[in-house]
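# Fold and contact review
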Amino acid sequence: MSDRAIATRCRPGGPWRRLLPGVVMLAPGEPTRRQLLRAATSHYGSEGVLTGIDALVAHGLDLPSPRTVHVLVPAYRRILPPDFVLLERTARPPEPTLIRGLPFAPAARAALDAARRENDPDRLRDLLTLPVYYGLCSLDQLRAELEAGNQRGSAAVRAELRRLATNSDTYVHGAARQLVLRSPLPPPRWGATVCDLRGRSIGAVDAWWDELGMGWQFGTPAEGETGRLTHLALTAAGVVLLRTSPQRLRSDGENVIRELARAFRTAALRPRPPVQCDVPGVAA
């Protein structure tokens, strides 16, 4: 089509909308978030990489969408971005991960790119804690990315990473989720309470495979569960229960994966016990 024909269709009230130079949405109205992401990557070509909160969402986190689309381009590019794009020139373009056809920065890079620009302490904490908790990256990867990148705006990030290092539960859960992803097992429900069929609590597990009645305990005991003695009640109820120390999650991952697979096979060969998950956790 000619430029004139396209311009005519993109006039106010027309059937199309121009999002960026050379990028037209073939519909009127407001674009969706994914349409904005596609428009940005189409405009900047193979050199543009989506980062920040949109990349973390693509990797699996549930975060509110920011006002702008954060895009990384090589340092030599000199382009004026539109209002909805936060354009960051970098001497260290990351190797993108393609997710549903769009190029996103790895989780550690995306978290640091977003965290450096975050002024709210609670949101900053979420940006650094959630990727580790959900196993998208490790604390060591965040530290390495921080050291390798631009040091501007890094003081608050460094302080939060130091605080994060003292919270062992965060990395215990992250390490456990990474092991499940590497294992042949389906996703479990995380942080579940197991009850009998009358709804009375039997015990808590860190991960739960409801279809088999199998549980996994690996975290520190919750309040009121000193010594994790609830494992006795769970096994008495017929639950196939694997217990792993937090230290082994980091130091003996391959053997832990094999133990998970053996426990899963054992549970699959037995009748499912008469128990239920009181408050279903999220399978992920």
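The structure this text deals with has already been given above.
Residues numbered from 1 in each chain as written. Predicted model: local features only at pLDDT ≥ 70, side-chain atom pairs only at ≥ 80, totals over all residues. Heavy atoms only, no water.

## Quick look at the pairing of strand 4 (residues 69-74)
Note the threshold: Each residue is placed in one exposure class: buried if its accessible area under a 1.4 Å probe, protein chains only, is under 20% of its type's maximum, exposed if it is over 50%, and partly exposed if it falls in between. Helix and strand definitions here come from DSSP, where helices need a minimum of 4 consecutive H or I residues and strands a minimum of 2 consecutive E residues; each element is numbered from the N-terminal end. A strand pair is defined by DSSP finding two or more bridges across the two strands.
Of all six residues in strand 4, six are buried, a share of seventy percent or more. Of the pairings in the sheet, the one linking strand 3 (residues 49-50) to strand 4 comprises two bridges and is antiparallel in character. Residue pairing in the sheet places Leu50 in a bridge with Val71 of strand 4. Pairing analysis gives six bridges linking strand 4 to strand 5 (residues 85-90), with the strands arranged parallel. Along strand 5, the bridge assignment pairs Val69 with Val85.

## Brief notes about the packing of aromatic side chains
For clarity, the cut-off: Side-chain rings of Phe, Tyr and Trp, where Trp is taken by its six-membered ring, are said to pair if the distance between their centres is within 6.5 Å; with planes under 30 degrees apart they count as stacked, over 60 as edge-to-face, and otherwise as tilted.
Evaluation of the coordinates by the stated rule reveals three aromatic pairs. Judged by centre distance (5.2 Å) and plane angle (80°), the rings of Tyr133 and Tyr134 are edge-to-face. Geometrically, the ring pair formed by Trp190 and Phe218 is edge-to-face, given 6.4 Å between the ring centres and 70° between the ring planes. Pair noted here: Trp190 is in strand 8 (residues 189-196) and Phe218 is in the loop between strand 10 (214-217) and helix 9 (230-236), with a separation of 28 residues, a long-range link. We classify Phe218 as buried; its relative accessible area is 1%. A network of ring pairs unites the aromatic residues Trp190, Trp216 and Phe218 as a single cluster.

## Overview of the layout of surface pockets
For clarity, the cut-off: Think of a 1 Å grid over just the protein atoms. A cavity is a set of points where a 1.4 Å probe fits yet cannot get out, a pocket is an open set with protein on both sides within 12 Å along at least five of seven lines, and lining residues have an atom within 4 Å of a point. Grid points are joined across faces, edges and corners, and a volume is the space filled by probe spheres set on the points. Here the nonpolar group is Ala, Val, Leu, Ile, Met, Phe, Trp, Tyr, Cys and Pro; Asp, Glu, Lys and Arg are the charged ones; every other residue, Gly included, is treated as polar.
One number sums up the size of the largest pocket: a volume of about 380 Å³. In terms of lining residues, the largest pocket is bounded by 19 residues, among which Ile53, Pro66, Ala114, Glu118 and Leu127 are the most central. Across the lining of the largest pocket, the residue classes break down as seven nonpolar, five polar and seven charged.

## A short note on the sheet that holds strand 11 (residues 240-243)
Stated formally: Between the N-to-C directions of two axes lies an angle of 0 to 180 degrees, each axis being a line fitted to C-alpha atoms and, for a helix, fitted only over the stretch in contact. Residue contacts follow a heavy-atom distance rule, with two residues in contact if any of their heavy atoms lie within 4.5 Å.
Taking strand neighbours across the sheet as the criterion, the five strands line up as 11-10-9-8-12 in an open arrangement whose pairing is mixed. This sheet does not close on itself; its edge strands, each paired only once, are strand 11 and strand 12 (275-277). In this sheet, neighbouring strand axes are inclined to one another by 45° on average, regardless of whether the strands run parallel or antiparallel. With respect to the sheet, helix 11 (residues 253-268) is in contact with strand 9 (201-209), strand 10 and strand 11, its orientation differing from that of strand 10 by roughly 155°.

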